[in-house]
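Summary of the model geometry
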Amino acid sequence: MKSEYYYQLKKMTVSAMLLALALLLPFLTGQLQAIGQMLSPMHLPVLLCGFLCGPIYGFLVGLVAAPLRFLIFGMPRMPNVLYMTTELASYGLISGLFYHILPNGLKIVHRKTASPVVYVGVMVGAGTRDELPEENGMAHYIEHCVFKGTEHYTARQIINHIEGIGGEINAYTTKEETTFYAATLRAHFRTTLHLLAELVLRPTFVKRETDKELTVIFDEIESYNDSPSELIYDDFENLVFEGSSLAMPILGTKKTLRRISKSPNIALDWMKTHYRPERMVLFVLGNVTTKQVIAAAEKELLFESGVGSRESGIGNQELGIQSRESGVRIFKRHTHQTHIMLGGRCY
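Values in this document were obtained by computation on a predicted structure and should not be read as measured data. (Residues numbered from 1 in each chain as written. Predicted model: local features only at pLDDT ≥ 70, side-chain atom pairs only at ≥ 80, totals over all residues. Heavy atoms only, no water.)

As for helix H4 (residues 138-145)
In an α-helix, one full turn covers 3.6 residues, which means residues spaced three or four apart are oriented alike. We count it as follows: Whether a residue is buried, partly exposed or exposed follows from its accessible area with a 1.4 Å probe, protein chains only, as a fraction of its type maximum: under 20%, in between, or over 50%, in that order. Elements are defined by DSSP. Helices are runs of H or I of four residues or more, strands are runs of E of two residues or more, and each kind is numbered from the N terminus.
The element H4 is largely enclosed, with a buried count of eight among its eight residues. Taken residue by residue, H4 has Met138, Ala139, His140, Tyr141, Ile142, Glu143, His144 and Cys145 as its buried positions.

Written as structure tokens, this is what we have:
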């Protein structure tokens, strides 16, 4: 940590020197050009120096402004939060960013800020790409249903627990990962992490509650099908990634979801396979120390033997994407608009 401090101090010093030089150059440029006008044409080197100061000034300003703009606006959006922060840190463009890996393989990414609000979440490397055809929609189904009850909290208690302290909790699913996250005041950091751990490690999937949530997911599917501008993405990926799990929709189908919801053990067994510590990242942003984050993670994110352990389950399987020639697929919908998408595989 000390070496990181000195590195950041050195970087700031160099940036300050470049900025000072860039600010002084307009003055130097004006002085040299004024001198050049008073001198005879024999003093060509002086005149050239005066005119060259302008481009040099612009170059140095760009040299200083580019990293500053990078620090302010950040990198372009990337598909994986951990990859993005790792890349920024590797270039020394994020200060106060720390990593730690627990003995069970769970990764921790922490950045300390002065904000009284703490953002904390758990990202699980399990999404649509990890599903079999008969399991399509499993990752998204789990994301919804863990909020319907855990071993220690009912659905109502989960919501009241976080809203009662002025916080907010949510989740989302992609084809690559499932993420549970929350925002609360710093004083409630441990409480928030405890609740997130309950969702990830101890859901119960009570049948009467999951059946209610199933109707919500069905409505979401219908709403999605009624939006051609969104549905075209699924149609496109089904064509591009044909033959692999990436071609399947995140929401799944009503047929597969009815099968999944028949027994709570189906979802629990899937979680035992894929919700493993080495496939999880705990990320924290706020005014808490790295020591506090590690201590809280070691206490809350405990994995029982065989439940998300290294011995259970398998890693990401080979996708087996079929090689195919370029092609065109046309879908006819009863709408007044036409949507077009053009692209191809790049990974």
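What about the pattern of salt bridges?
Working definition: two side chains of opposite charge can pair if their charged atoms are close together. To keep things clear, this is the line we draw: Whenever Lys or Arg places a side-chain nitrogen within 4 Å of a carboxyl oxygen from Asp or Glu, that contact is recorded as a salt bridge.
Counted by the stated rule, this structure contains nine salt bridges. Notably, a salt bridge pairs Glu237 with Lys175, separated by 2.5 Å at the nearest N-O pair. Linking Glu237 in helix H8 (residues 228-240) with Lys175 in the loop between strand E4 (168-173) and strand E5 (178-185), this pair joins segments that are 62 residues apart in sequence. One salt bridge in this structure joins Arg276 and Glu278, with 2.7 Å as the shortest N-O distance.

Considering the nonpolar core
Rule in force here: Nonpolar core, defined: a set of buried Ala, Val, Leu, Ile, Met, Phe, Trp, Tyr and Cys residues in which side-chain atoms within 4.5 Å join the residues together.
Formed by 52 residues in total, the largest nonpolar core has its most connected members in Tyr141, Ile142, Phe189, Tyr275 and Leu282. Ranked by residues supplied to this core, first place goes to helix H6 (residues 189-201) with eight residues. Counting residues in hydrophobic clusters, the runner-up holds five residues, among them Phe236, Val240, Phe241 and Ala247.

Let's talk about the side chain of Asp234
We apply this condition: It only takes one pair of heavy atoms within 4.5 Å for two residues to be counted as in contact.
Note on placement: Asp234 falls in helix H8. If sequence neighbours within four positions are ignored, Asp234 has contacts with Tyr224 and Pro249.

As far as function goes, none of this settles anything; it's purely spatial.
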